[in-house]
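An overview of the molecular structure
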Amino acid sequence: MTATPTLTRTLPKRRLTGLKPTGHLHLGNLLGAIRPVVDAQYQAETIVFLADLHALTVAHEPARVRELTLEQATMLLAAGLDPDRAMLYVQSQLPEHTELHFLLECATGVGEAQRMIQFKEKSPAQQQHVRLSLLTYPVLMTADILLHDAEEVPVGEDQSQHLELARDVAVRFNSRYGETFTVPRAVHPEVATRVMELSDPTSKMGKTTSSDAGTIFLLDPPEVIRRKVMRAVTDSGRSVEYTPQTRPGVANLLEILSACVDAPPDTLAAEYATYSKLKRAVAEAVEGLLRPIQLRHAELTRDPGFVRRVLAEGAERARDNATDTVHRAKRAIGLLT
Ligand code: AMP
């Protein structure tokens, strides 16, 4: 009898993040998830995947999912992801994600899935009509993370609860069946961990959930960015102060500026006498941040074959570790391998 293999790897930290091809990427995605992985790619082993299976958990158009998958991959490269260093691939091209998903469903309670805020936000009446996969998608996300022994998962604050589930499932599986998975932890950027909609600073900027006017898409031209920022909802106050509880609109603008210029939001608040001066600075900073990304994006779209090759090679490189993890989990849980 062979003993269940245990984890002895002491490699540098491994970071993983995923993006769902349900809409165009926006500033929240860039600041909350993309930049933290790109910035750390030479220090940590980096894995980024396009979560196309997650895109199927809500009403979707098949052709659009395919199109957005390529668009987001192109955007990640344009944002500086180095394909020679990081592994970039499409989730559905690595069947180990779904194989591990099933094994982990056998270590997750129905109640745990039902407690997830994103599912609970649907009223009981709506829950009857949502896809079953929307209930189980946090378990697929757990599989995505555990598959790669990821130690750190850079995500926006909206994903904290899902990360907690991944940790709980990993710990439970390990204690029931023997050390199998690395227990991951979420990493959030210091600021802009939850970029809010410009036209409604009480709701999160999202690909499909927020209004066009309140969302800065990464491919928005400079004049559109300026218009959206200048029209951002603030409040009736006059002085610029960083008080997220009472002035969420101004705080959101200061956080965006802070992430762009790398200075604390309260220090920045003191530099602007009026809201309109602050807004002009934010628009300029965001334009400056996005300009090189947009230029690189335009270059990359001239050669779609390149992006497809990167994705195919990324899946190939990610496969070894994924196969190894699934094998380890199958043995531990009692399957013949
Ligand atoms: P999604 O847009 O759901 O595919 O999320 C992709 C990544 O971007 C996840 O890590 C999210 O936590 C992050 N993210 C999405 N929206 C925001 C936001 N408004 N602010 C900060 N991070 C975000």
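Residues numbered from 1 in each chain as written. Predicted model: local features only at pLDDT ≥ 70, side-chain atom pairs only at ≥ 80, totals over all residues. Heavy atoms only, no water.

1. Overview of unusual backbone geometry
Where we set the bar: Secondary structure elements follow DSSP: runs of H or I no shorter than four residues count as helices, runs of E no shorter than two count as strands, and numbering proceeds from the N terminus. Partly exposed residues are those whose accessible area sits between 20% and 50% of the maximum for their type, while under 20% is buried and over 50% is exposed, using a 1.4 Å probe and protein chains only.
For Ala192, which is not a glycine, the phi torsion comes out positive at approximately 60 degrees. Note that Ala192 resides in the loop between β5 (185-187) and β6 (196-197). A relative accessible area of 2% places Ala192 in the buried class. One non-glycine residue with positive phi stands out, namely Asp262, at about 60 degrees.

2. Let's talk about empty space enclosed by the protein
By rolling a water-sized probe across the atoms, one finds the places where empty space is left. Our working definition: Only protein atoms enter the 1 Å grid used here. Points where a 1.4 Å probe fits but cannot escape make up a cavity, open sets with protein on both sides within 12 Å along at least five of seven lines make up a pocket, and a residue lines them when an atom lies within 4 Å of a point. Grid points are joined across faces, edges and corners, and a volume is the space filled by probe spheres set on the points. Amino acid classes used here: Ala, Val, Leu, Ile, Met, Phe, Trp, Tyr, Cys and Pro are nonpolar; Asp, Glu, Lys and Arg are charged; the rest, including Gly, are polar.
A complete count under the given rule lists one cavity of 30 Å³ or more for this structure. A volume near 50 Å³ is recorded for the largest cavity. Put simply, the parts of the chain that give the lining of the largest cavity at least two residues each are α5 (117-120) and α7 (132-147). Considering each element in turn, the lining of the largest cavity owes the most residues, four residues, to α7. A per-class count over the lining of the largest cavity returns seven nonpolar, two polar and no charged.

3. Re the environment of Arg280
Structurally, Arg280 can be placed in helix α12 (residues 275-301). The partly exposed category is assigned to Arg280, whose relative accessible area is 47%. Distance from Arg280 to Tyr137, taken between C-alpha atoms, is 40 Å for residues 143 residues apart in sequence.

4. Observations regarding the site of the ligand
Which entries qualify depends on this criterion: In this text, near means that some heavy atom of the residue lies within 4 Å of the molecule or strand in question. Here a polar contact is taken to be a pair of N or O atoms separated by no more than 3.5 Å, where protein atoms must pair a possible hydrogen donor with a possible acceptor and residues adjacent in sequence count only if both atoms sit in side chains.
Contacts to the ligand come from 19 residues, most closely from Gly156, Asp158, Val195, Met205 and Lys207. Met205 is positioned with one of its backbone polar atoms (N or O) 2.8 Å from a nitrogen atom of the ligand. Lys207 has a polar side-chain atom sitting 2.6 Å from an oxygen atom of the ligand. Among the elements of the structure, β1 (14-19) and α1 (27-39) are those that each provide at least two residues to the shell around the ligand. Along the lines of polarity and charge, the residues of the shell around the ligand split into six nonpolar, eight polar and five charged.

5. Some remarks on the packing of α1 against α12
Short version of the rule: Only C-alpha atoms enter the line fits that serve as axes; for helices the fit covers just the stretch in contact. Angles between N-to-C directions range over 0 to 180 degrees. Angle categories are assigned with fixed cut-offs, so that under 35 degrees is roughly parallel, over 145 is roughly antiparallel, 65 to 115 is roughly perpendicular, and the rest are oblique. Every residue pair with non-hydrogen atoms within 4.5 Å of one another is taken to be in contact.
α12 packs onto α1 with a crossing angle of 70 degrees between their chain directions and a minimal axis gap of 12 Å. With respect to each other, α1 and α12 are oriented roughly perpendicular. On α12, the residues that touch Leu27, Leu30, Leu31 and Arg35 of α1 are Val286, Leu289, Leu290 and Ile293. Its residues placed into classes, the contact of α1 with α12 shows seven nonpolar, no polar and one charged.

6. A word on the packing of aromatic side chains
The cut-off we apply is this: Each Phe, Tyr or Trp ring, with Trp reduced to its six-membered ring, pairs with another whose centre is within 6.5 Å; inter-plane angles below 30 degrees give stacked pairs, above 60 give edge-to-face pairs, and intermediate values give tilted ones.
On inspection of all chains with the given rule, the structure shows three aromatic pairs. Pairwise contacts between aromatic rings join Phe173, Tyr177 and Phe181 into one cluster.

7. Thoughts on helix α10 (residues 248-261)
Worth spelling out the cut-off: Each helix should span, by expectation, one fewer than its residue count multiplied by 1.5 Å.
The terminal C-alpha atoms of α10, which comprises 14 residues, lie 20 Å apart, in line with the 20 Å expected from a rise of 1.5 Å per residue. The element α10 is extensively covered by neighbouring structure, given that 12 of its 14 residues are classed as buried. Within the span of α10, buried status applies to Gly249, Val250, Ala251, Asn252, Leu253, Leu254, Glu255, Ile256, Leu257, Ser258, Ala259 and Cys260. Contact partners of the buried residues in α10: α1, β6, β7 (200-204), α9 (222-230), α11 (265-269) and α12.

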